[in-house]
Every structure is written in C-alpha cells, then in structure tokens.
Amino acid sequence: MNSFFRIIRKYDNVVFIFSFFVSIIIRFIFLDKYHQYDVSTFLEWSHFLSPIRNVYLTDCYCNYPILGLLFSSGIIRLFSFQIEPFLYFLSLIDALNVLLVYQIFKKSEVQNAKIYTFFISISISTWIIGGVWGQIDNIGQTFIYLILLLIILLTKKISERNRYIYLLMIGILLCCALYIKQLLIFSVFPFFIFSVLLIYFHTNFLKLKKWKYFAIFICGLFIPFIFFEFFLYIPEKYFFSHLEKIFLEGSDHINIIADNGFNLWTLFSNHQFDDSSKNWIFFLSPKTIGISLFSLFSLWLITKCFLFLKKFKKINYVQIIFFILFFNLLFNVVLTGTHERYIYHFYPLYLIFIFSLQNIKKENLINIEKILAFVLATIYGVFVYLILRKHLNSFYFHHFLAILHLLLFFRMFFYGQKLFSLKENPFKSEV
C-alpha cells in the first residue's frame, strides 16, 4: 500500500485533474444508458412547470419538493426537453462534488488530499447515481458537502463576522437541502442537531453571544422557507407548506420491506414487496421495530455527542463526518422500504471518513480498512449498475449486501463509542 502511494504521489496533480473528468467520461461511454423510468418521469413533469408557482395545483404527480423539481424537470425544460444535456449536467455536478471533497480534505488538513479525492472520484458508488443513472441525488450530495465544509470551518479560528456568515449560510443550505428531496431529511436532521450542539458548547462560540448565533442560524433556516412558500400556490387542504403535500402524498415506501434496498429485514423475507406493517414478533411489525431502532441509535449518538462536547468544549473533523454518515447508514440498515439509491449519500462520507483516519501506531490496520472501504463501495456501485442494466434477477445479492452493511453498522457503532469516548483525550490522535 505504501509503495503504491509513493508511486502515485509522483503524479498526484495528474490524477487530481483527471478526477474532475471521471463522471463526464463515463457518461460519454454510456451514451444513451440511463434509468428510463426516472428520467422519463422528469421529462413528463417538465411540461407542468409553466407557471412554476401553480405546479402543485396541477394534475402532475410531482412528488419532489420545489428545488428538486427545478433541478430535475426544470433543467430538462431549460435544455428544450432534451435528456442528453441533462445527463451531462449531472456529470458536471459530480465534477463540482470532486472539488468539494478536496476542499473538505484540505480544510481538515488531511495528508494526500489529492490522491484520496481521486480514489473517491473513481469509485463507481460516487458516479453511478448521478450522470449515469440520471437521478439528482448528487445535487443533494453537493449541499451535504457544502454544509459539512462550513461546519468544519466553524470549528477553526475565524473572525466573528465570518462565524455569523457561516451560520447564516448553514441555515439556508439546510432548508434548501430539504427542498431538494425528502431523502435528505436523514442528513438535514443530524446537521441541525449537530449545529445546535456546536453553538451551545463549542469554545469558538462566545457565551454572551450565543443567543445571536442561534438567532442568525434560525433566520437562515427560514429565509428559503419564506421565499418559496409565499411564492408557491398549494391546495387549500394544506396549511403552510408544499412539503406537507410532498411528505404526505409523495411516498409510502416504508410500508413495504424494501424496493431493491438491503435493510436487515430483507434477510427474513424472500419477497421485498411484502407488507412491512404486518406483525412479526410479539405483535410488532418490521416497520415499528425499524422506527424504534432508528430512534434508539439516533438518541445514543446524539447523547454521546452532547456529553462529549459538554466535557471537552471542542470537536474534530473526523467526529463531524462520522456524526452525519452514521445516520445515513443507520436508516438504510434498520428502516423498511429502502431503495438501492438511498445509501448513496453514505458512501462518499464513509470514504472521506476512512481516508481521514490518521493513527501512526496502527497504520497498517488503517490502510487495510481503506482498501476494504473502497472495495465495499465498489460492490455497492456494481449492485446499482446491475439494477440499472436489469441484469440482477436474484434476491441473493440483496441478502449479501444486507449482511455486509449490518456488519459495517456494528463497525461504525464501535467507531462511535471510541470517537466520543469520555475516558480519554480524543485530540491526541484522530482515532
């Protein structure tokens, strides 16, 4: 591993530049290959966008929030209802995300930032969903990266003016992320909780000004909300937001075991579309148990983070990344109704997290884990590719991935116990 890095380090600038073109090159190779149903749905929705403020009053079954609608059907409409330019647009978003990954590594002062960025860019799990599949999850990933980058900057020594600006921007981006896709709630929720804990406990936030920090953060959250909700027309039965319509009518996936997802419940069912509301154990259904497990582990990590910040008054970038990725893995393992694309947001964060670990005493162990992380991301990417190409006719691959991710969840649980331990100073090393 070390000899390989020594060789590739000589050409780190070359591989880094290549990283920006990976998704575009792959898109060119695939040409007309994309997920027909999803992209065709975006194309169908694009005909209902004029005027845009009336779109949720039409017969269009537009089950995306307004920004998601604009980034999907709106972009297709902008390109004169042509699909190919839309797919290349998504590849450009992948290129933007490469830059953001690099900035996260740089601001976190991680060595070999260009090389690690290159490996994340070539991982099939990184580009398969965006420019190849034709989904806008990579746009949601852009918002995750931006928020993560701003939070990392907040933990550094910055001017009071910049601290106010960053908090305002985080609030705005959090609200905008929720307006892209419902799925992003599993990132918005932990980001919101973490931001509140950071403002309340971190030494960078002056005690006498905490109310100002909270006020600016909350103002940021409400700016997009006020702008979009006053602009849009919604059916009279909804009280204050088009998100009511989206969340209530947009999806009922949680009522089935899975839809090409690989949660733990797929290990106990031979049919992924089975009803998840039926009682299995002691009058409890997989849906109920899944929600309970999600709530329990969420409370565990939030409590760990709360106690940690309360004691040490600071936190490092590895812990910040872990806090967000854990929620994205957790819901894919324990909740019912998961899709193959739902865990997409987890993998780039997981790779960033593993590549960011720096512990000289266990260097060989960390290097092995980096390889395993890349392999696991590749296996997931191949799984999505097989679904895209309709080459996956067996449910055994789902079971295999369910076992892998259940084991990975336990590994991440172990990391959580160690990263937020109160028994030793975690700032002596990054692990």
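Just so it is clear, the model here is predicted, and its values are computed rather than measured.

A. Region of interest: the state of the cysteines. Taken as a whole, this structure holds one disulfide when the rule is applied. With its sulfur 2.0 Å from that of its partner, cysteine 60 forms a disulfide with cysteine 62. Residues cysteine 60 and cysteine 62 share a disulfide whose torsion about the S-S bond is about 95°; that sign makes it right-handed. The exposure class of cysteine 60 is buried, given its relative accessible area of 7%. With no disulfide of its own, cysteine 219 has cysteine 175 as its nearest cysteine by sulfur position, at a separation of 12 Å.

B. Broad picture of helix 7 (residues 113–122). Here helix 7 lies mainly inside the structure; eight of its ten residues are buried. Every buried residue of helix 7 is listed here: Ala113, Ile115, Tyr116, Thr117, Phe118, Phe119, Ile120 and Ser121.

C. Spatial organisation of the pattern of salt bridges. The full count for this structure, using the stated rule, is seven salt bridges. Residue aspartate 137 pairs with arginine 341 through a salt bridge whose shortest N-O separation is 3.1 Å. Of the two residues, aspartate 137 sits in helix 9 (residues 137–154) while arginine 341 sits in the loop between strand 2 (338–339) and helix 16 (346–356), which places them 204 residues apart along the sequence. Summarising the burial analysis for this pair, aspartate 137 and arginine 341 share the class buried. Glutamate 160 is the salt-bridge partner of arginine 163, the closest N and O atoms lying 2.6 Å from each other. Separated by three residues within a single helix, arginine 163 and glutamate 160 lie in helix 10 (residues 160–178), roughly one turn from each other.

D. Main features of the side chain of glutamate 244. Tracing the backbone through its elements, the reader meets glutamate 244 in helix 13 (residues 242–249). Summary of buried charges: glutamate 244 has no salt-bridge partner, and the nearest side chain of opposite charge, lysine 237, is 10 Å away.

E. Just the side chain of serine 19, in detail. Inspection of the secondary structure assignment puts serine 19 in helix 2 (residues 12–19). At a separation of 3.4 Å, a polar atom in the side chain of serine 19 contacts the side chain of serine 121. Ignoring sequence-local partners within four residues, the contact set of serine 19 consists of Val98, Thr117, Phe118 and Ser121.

F. Fine view of the environment of isoleucine 120. Mapped onto the secondary structure, isoleucine 120 falls in helix 7. By relative accessible area, which is 2% here, isoleucine 120 ends up buried. Separated by 22 residues in sequence, isoleucine 120 and valine 98 place their C-alpha atoms 8.0 Å apart. Setting aside its immediate chain neighbours within four residues, isoleucine 120 contacts Val101, Phe105, Thr126, Pro348, Leu351, Ile352 and Phe355.

G. The arrangement of the environment of isoleucine 199 in detail. Mapped onto the fold, isoleucine 199 is located in helix 11 (residues 185–201). It is 37 Å that separates the C-alpha atoms of isoleucine 199 and isoleucine 52, two residues lying 147 residues apart in sequence. Those residues within four positions of isoleucine 199 in sequence are excluded, and the remaining contacts are Leu167, Phe205, Lys210, Tyr213, Phe214 and Phe217.

H. Layout of the packing of helix 11 against helix 15 (residues 317–334). Where helix 11 meets helix 15, the closest approach of the two axes is 9 Å, and the angle between their N-to-C directions is 145°. As for how helix 11 packs across helix 15, the hand of that crossing is right-handed. Of the residues in helix 15, those touching helix 11 at Phe186, Ser187, Phe189, Pro190, Phe191, Ile193 and Phe194 are Ile320, Phe323, Ile324, Phe327, Asn328 and Phe331. Looking at the contact of helix 11 with helix 15 residue by residue, the classes come out as eleven nonpolar, two polar and no charged.

I. Fine view of helix 13. Buried residues of helix 13: His242, Leu243, Glu244, Lys245 and Ile246, and no others. Those residues of helix 13 that are buried are in contact with helix 5 (66–78), helix 10 and helix 12 (210–231). Looking at where helix 13 begins, the residue whose side-chain oxygen comes 2.9 Å from the main-chain nitrogen of leucine 243 is serine 241.

J. Quick look at the packing of helix 9 against helix 11. In the contact formed by helix 9 and helix 11, the axes pass within 12 Å of each other and the chain directions differ by 10°. Overall, the two elements helix 9 and helix 11 adopt an arrangement that is roughly parallel. Residue-level inspection shows Ile144, Ile147, Leu148, Ile151 and Leu154 of helix 9 in contact with helix 11, the latter providing Ser187, Phe191, Phe194, Ser195 and Leu198. Here the residues of the contact of helix 9 with helix 11 are counted per class, giving eight nonpolar, two polar and no charged.

K. Main features of the packing of aromatic side chains. Applying the stated criterion to the full structure yields 52 aromatic pairs. On the basis of an interplanar angle of 85° and a centroid distance of 5.7 Å, the ring pair of phenylalanine 186 and phenylalanine 294 is categorised as edge-to-face. Note that phenylalanine 186 is positioned in helix 11 and phenylalanine 294 in helix 14 (residues 286–312), a separation of 108 residues in sequence. Between phenylalanine 189 and phenylalanine 327, the ring centres sit 5.8 Å apart and the planes meet at 80°, which makes this aromatic pair edge-to-face. Taken together, the residues phenylalanine 189 in helix 11 and phenylalanine 327 in helix 15 connect sequence positions 138 residues apart.

Cut-offs applied
Position numbers for residues start from 1 in each chain and track the written sequence from start to end. Only residues with pLDDT of 70 or above have their local features reported here, since the model is predicted, and side-chain atom pairs are shown and tallied only from 80 upward, although totals for entire chains, interfaces and linings are computed over all residues. For the side-chain quantities, the full set of heavy atoms in the structure was used; hydrogens and water were omitted. In this description, the term disulfide denotes a pair of cysteine sulfurs within 2.5 Å. Relative accessibility under 20% of the residue-type maximum defines a buried residue, over 50% an exposed one, and the middle range a partly exposed one, all with a 1.4 Å probe and only protein chains included. A run of H or I in DSSP counts as a helix once it spans at least four residues, and a run of E counts as a strand once it spans at least two, with each numbered from the N terminus. One side-chain nitrogen of Lys or Arg within 4 Å of one carboxyl oxygen of Asp or Glu is enough to make a salt bridge. Charge counting treats Lys and Arg as positive and Asp and Glu as negative, with His and both chain ends excluded. Identification of polar contacts relies on pairs of N or O atoms within 3.5 Å, with a donor-acceptor requirement for protein atoms, meaning one able to donate a hydrogen and the other able to accept it, and with residues adjacent in sequence counted only if both atoms are side-chain atoms. Here, residues are in contact when the closest pair of their heavy atoms is within 4.5 Å. For helices, the axis comes from a line fit to the C-alpha atoms of the stretch in contact; other axes are also lines fit to C-alpha atoms, and the angle between any two N-to-C directions lies between 0 and 180 degrees. Helix crossings get a hand from a simple test, with the near helix turned counterclockwise from the far one by less than a right angle marking a left-handed crossing and a clockwise turn marking a right-handed one. Each residue is assigned to one of three groups, with Ala, Val, Leu, Ile, Met, Phe, Trp, Tyr, Cys and Pro labelled nonpolar, Asp, Glu, Lys and Arg labelled charged, and all others, Gly among them, labelled polar. Under this scheme an angle from 65 to 115 degrees is roughly perpendicular, one under 35 degrees roughly parallel, and one over 145 degrees roughly antiparallel; angles in between are oblique. To pair, rings of Phe, Tyr and Trp, with the six-membered ring standing in for Trp, must have centres within 6.5 Å; the planes then decide the type, stacked if under 30 degrees apart, edge-to-face if over 60, and tilted in the middle.

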